[in-house]
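Chain and residue survey
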Amino acid sequence: MTIPLVDLKAQYKTIKEEVDEAIQRVIDSSSFIMGEDVRLFEQEFAQYIGAKHAVGVGSGTDALHLALLAVGVGPGDEVITVSHTFIATGGAVTQCGAKPVFVDIDPRTYNIDVTKVERAITSRTKALLPVHLYGQPADMDPLLDLAERHHLQVIEDAAQAHGAEYKGQKTGTFGKAACFSFYPAKNLGAYGDAGMVVTNDDQVAQKVRLWRDHGRESKYVHLAEGFGKRLDTIQAAVLRVKLRRLPAWNAQRRRNALLYTQLLGGTGVVCPCEPEYARSVYHQYVIRVRERERIQARLKEDGISTGVHYPLPLHLQPAYARLGYQPGDLPATEKAAEEVLSLPIYPELTPEQIEFIASRVKAYS
Ligand SMILES: Cc1ncc(COP(=O)(O)O)c(C=O)c1O
């Protein structure tokens with residue numbers, strides 16, 4: 001049995017006809033840039049999330065960059081976020097000319113430790129940028145409270161959390177804006193790069209709309225310079241087909257996670273913990289193990305692919321050497337980076353495959 005970490009081919013088989021038809025429709029229309037599917041997908045995604053506006057952009061990274069700019073993050077500002085994330089979270093802050101300030105994570109949820117945020121706030125802090133990592137919502141209420149008291153903007157990095165809920169409300173509706181990635185392997189993934197900024201704020205939406213498309217008011221009148229960060233029409237067409245399946249896919253991911261947790265319970269393996277406030281969509285199913293590299297290699301021999309999200313925290317990346325962090329600065333983050341192991345969790349996995357993976361993990365742990 002060979003089990004990849006993600007199986008996009010298996011998913012494509014289940015939606016091939018509709019996807020092919022949607023792509024062909026865009027080609028037939030030749031409306032490749034800002035076509036009708038972009039507008040419709042924005043409408044449908046906004047409705048799904050429960051937000052007033054959704055603005056399609058070129059990637060999750062573009063979404064973060066434009067959302068941060070739109071809430072006024074600029075040179076000299078600091079943005080508080082986590083180090084246990086993909087580099088785009090920090091990179092978008094730098095792209096605005098601001099400085100990322102990394103706070104440690106809660107070792108149980110892998111999300112920002114809300115008890116450590118206040119002491120990181122300085123007179124330069126402009127925004128909080130929590131990440132809903134692995135599809136699990138960050139603890140938003142304490143963050144929103146801090147933001148209000150210190151007059152900070154909140155931008156959610158919801159790149160991994162399409163459809164996740166915090167206290168019954170979808171992630172992406174808590175901050176001033178939220179950013180989604182449709183990178184192919186995401187719960188809602190395009191067939192290339194794509195992203196979305198979601199917001200209830202008219203001005204933020206207006207700015208992102210303007211800046212994603214060269215500041216255009218009309219074809220050759222530019223109110224600002226802006227960027228070329230548009231959502232591609234073919235990607236929007238594919239995403240419209242897939243959005244209709246997202247609730248069922250997320251539900252299947254949750255069932256898969258439950259089965260893993262039942263099978264791995266009572267062993268030395270630490271399974272994901274879902275706090276009462278959270279309804280995770282399990283973008284990743286992440287366990288903690290000792291001797292991870294040995295276990296990962298043994299699983300590979302059995303045909304099981306796994307992942308590590310993420311092995312080197314941002315504060316220790318060569319790219320952030322200029323910020324002056326040292327090993328030991330963020331202990332929970334650094335420990336997680338040594339121990340986390342992502343198991344296959346995609347919706348098309350069968351219970352037999354999950355049982356096989358769990359039995360092998362148990363045998364090697
Ligand atoms: C947490 C997080 N933030 C940002 C991004 C950036 O998204 P993209 O790859 O679409 O630019 C990703 C995805 O790769 C991510 O996982």
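Residues numbered from 1 in each chain as written. Predicted model: local features only at pLDDT ≥ 70, side-chain atom pairs only at ≥ 80, totals over all residues. Heavy atoms only, no water.

1. Describing the pattern of salt bridges
Short version of the rule: Criterion for a salt bridge: a side-chain nitrogen of Lys or Arg within 4 Å of a carboxyl oxygen of Asp or Glu.
If you walk through the whole model with that rule in mind, you get 26 salt bridges. Across the salt bridge formed by D106 and R108, the nearest N and O atoms sit 4.0 Å from each other. R216 is paired through a salt bridge with D213; the nearest N and O atoms lie 2.8 Å apart. Put simply, E21, R25, D37, E44 and R240 are held in one network by salt bridges that share partners.

2. Re helix α3 (residues 60–70)
What counts is decided by this rule: The rule is simple: take the accessible area with a 1.4 Å probe, protein chains only, and divide by the maximum for that residue type; under 20% is buried, over 50% is exposed, in between is partly exposed. Here a strand is any run of E in DSSP of at least two residues, a helix any run of H or I of at least four, and the numbering for each starts at the N terminus. Throughout, a contact is declared for two residues whenever any of their heavy atoms are within 4.5 Å. Think of a polar contact as two N or O atoms within 3.5 Å of one another; within protein, one of them needs to be a possible hydrogen donor and the other a possible acceptor, and neighboring residues in sequence only count if both atoms come from side chains.
With 9 of its 11 residues buried, α3 lies for the most part within the structure. Within α3, the full set of buried residues consists of G60, D62, A63, L64, H65, L66, A67, L68 and A70. Residues of α3 that are buried sit in contact with β1 (53–57), α4 (87–95), β5 (153–157), β8 (177–181), β9 (195–199) and α6 (202–212). Between the side-chain oxygen of the N-cap and the backbone nitrogen of T61 there are 3.3 Å, and the N-cap of α3 in question is S59.

3. Some remarks on the packing of aromatic side chains
So the rule is basically this: Here a pair means two rings of Phe, Tyr or Trp (six-membered ring of Trp) with centres within 6.5 Å. Their orientation is stacked below 30 degrees between planes, edge-to-face above 60, and tilted elsewhere. Two conditions define a charge sitting above a ring: the NZ of Lys or the CZ of Arg must be within 6 Å of the ring centre, and it must be within 35 degrees of the ring normal.
All told, the structure shown has 14 aromatic pairs when counted by the stated rule. Ring centres 6.1 Å apart and planes at 75° place the aromatic pair Y12 and Y191 in the edge-to-face group. With Y12 in helix α1 (residues 8–29) and Y191 in the loop between β8 and β9, the pair connects residues that are 179 residues apart, well separated along the chain. The exposure class of Y191 is partly exposed, given its relative accessible area of 33%. Ring plane angle 50° and centroid distance 5.5 Å describe the contact between F102 and Y325, whose orientation is recorded as tilted. A residue pair is termed long-range when its members are at least 10 positions apart, and F102 in strand β3 (residues 99–103) and Y325 in the loop between α9 (292–301) and α10 (331–339) qualify at 223 residues. Aromatic rings pair up to connect F41, F45, Y48, F180 and F182 into one cluster. A cation sits over an aromatic face here: K170 above Y48, 4.5 Å from the ring centre.

4. Side note on the side chain of K229
Along the chain, K229 falls in the loop between β11 (221–222) and α7 (233–243). Discounting residues that sit within four places of it in the chain, K229 has contacts with G56, V57, G58, D62, H65, L66, Q95 and R212.

5. Considering the site of the ligand
Applicable threshold: Summary of the distance rule: residues count as near a molecule or strand when at least one heavy atom falls within 4 Å of that molecule or strand. The Shrake-Rupley method, run with a 1.4 Å probe, gives the accessible areas here. Residue values count only the displayed protein chains as cover.
Neighbouring the ligand are 16 residues; G60, T61, D157, Q160 and S181 lie closest to it. Within the side chain of D157, one N or O atom sits 2.8 Å away from a nitrogen atom of the ligand. The contact in question runs from an oxygen atom of the ligand to an N or O atom on the side chain of K186, over 3.1 Å. For the ligand, whose accessible area on its own is 390 Å², the fraction buried by protein is 93%. Contributions of two or more residues to the shell around the ligand are made by α3 and α4.

6. Observations concerning the domain arrangement of the chain
Which entries qualify depends on this criterion: Annotation comment: domain bounds sourced from an automatic or database domain assignment. Put simply, buried area is how much 1.4 Å-probe accessible surface two parts lose in total, over both of them, once they are put together. Residues are grouped as follows: Ala, Val, Leu, Ile, Met, Phe, Trp, Tyr, Cys and Pro are nonpolar; Asp, Glu, Lys and Arg are charged; all remaining types, including Gly, are polar.
What the domain assignment lists for the chain is domain 1 (8–243) and domain 2 (246–364). Facing 45 residues of domain 1, the contacting portion of domain 2 comprises 35 residues. Carbon and sulfur atoms make up 59% of the area that domain 1 and domain 2 hide from each other, which totals about 3,500 Å². Three residues stand out in domain 1 for area buried against domain 2, namely F102, Y134 and N187, and they jointly supply 21% of the buried area on that side. Counting across the interface, domain 1 meets domain 2 through 0 salt bridges. Summed over the shared surface of domain 1 and domain 2, the number is 24 residue pairs in polar contact (both at pLDDT 80 or more). Considering each element in turn, the side of domain 1 that touches domain 2 owes the most residues, 5 residues, to β3. In the side of domain 1 that touches domain 2, the residues fall into 23 nonpolar, 14 polar and 8 charged.

7. Quick word on α6
For the record, the criterion: As used here, the arc belongs to the directions running from the helix axis to the C-beta atoms.
By the burial criterion, the buried members of α6 are V204, A205, V208, W211 and R212. The arc that holds every buried residue of α6, seen down its axis, measures 140°, which confines them to one face. Looking at α6, the residues exposed on the side facing more than 90 degrees away from the buried face are Q203 and Q206. Close packing links the buried residues of α6 with α2 (36–49), β1, α3, β8 and β9. For α6, the N-terminal cap is D201; the gap from its side-chain oxygen to the backbone nitrogen of Q203 is 2.9 Å. Positive phi appears at H214, one or two residues downstream of α6, with a value of about 55°.

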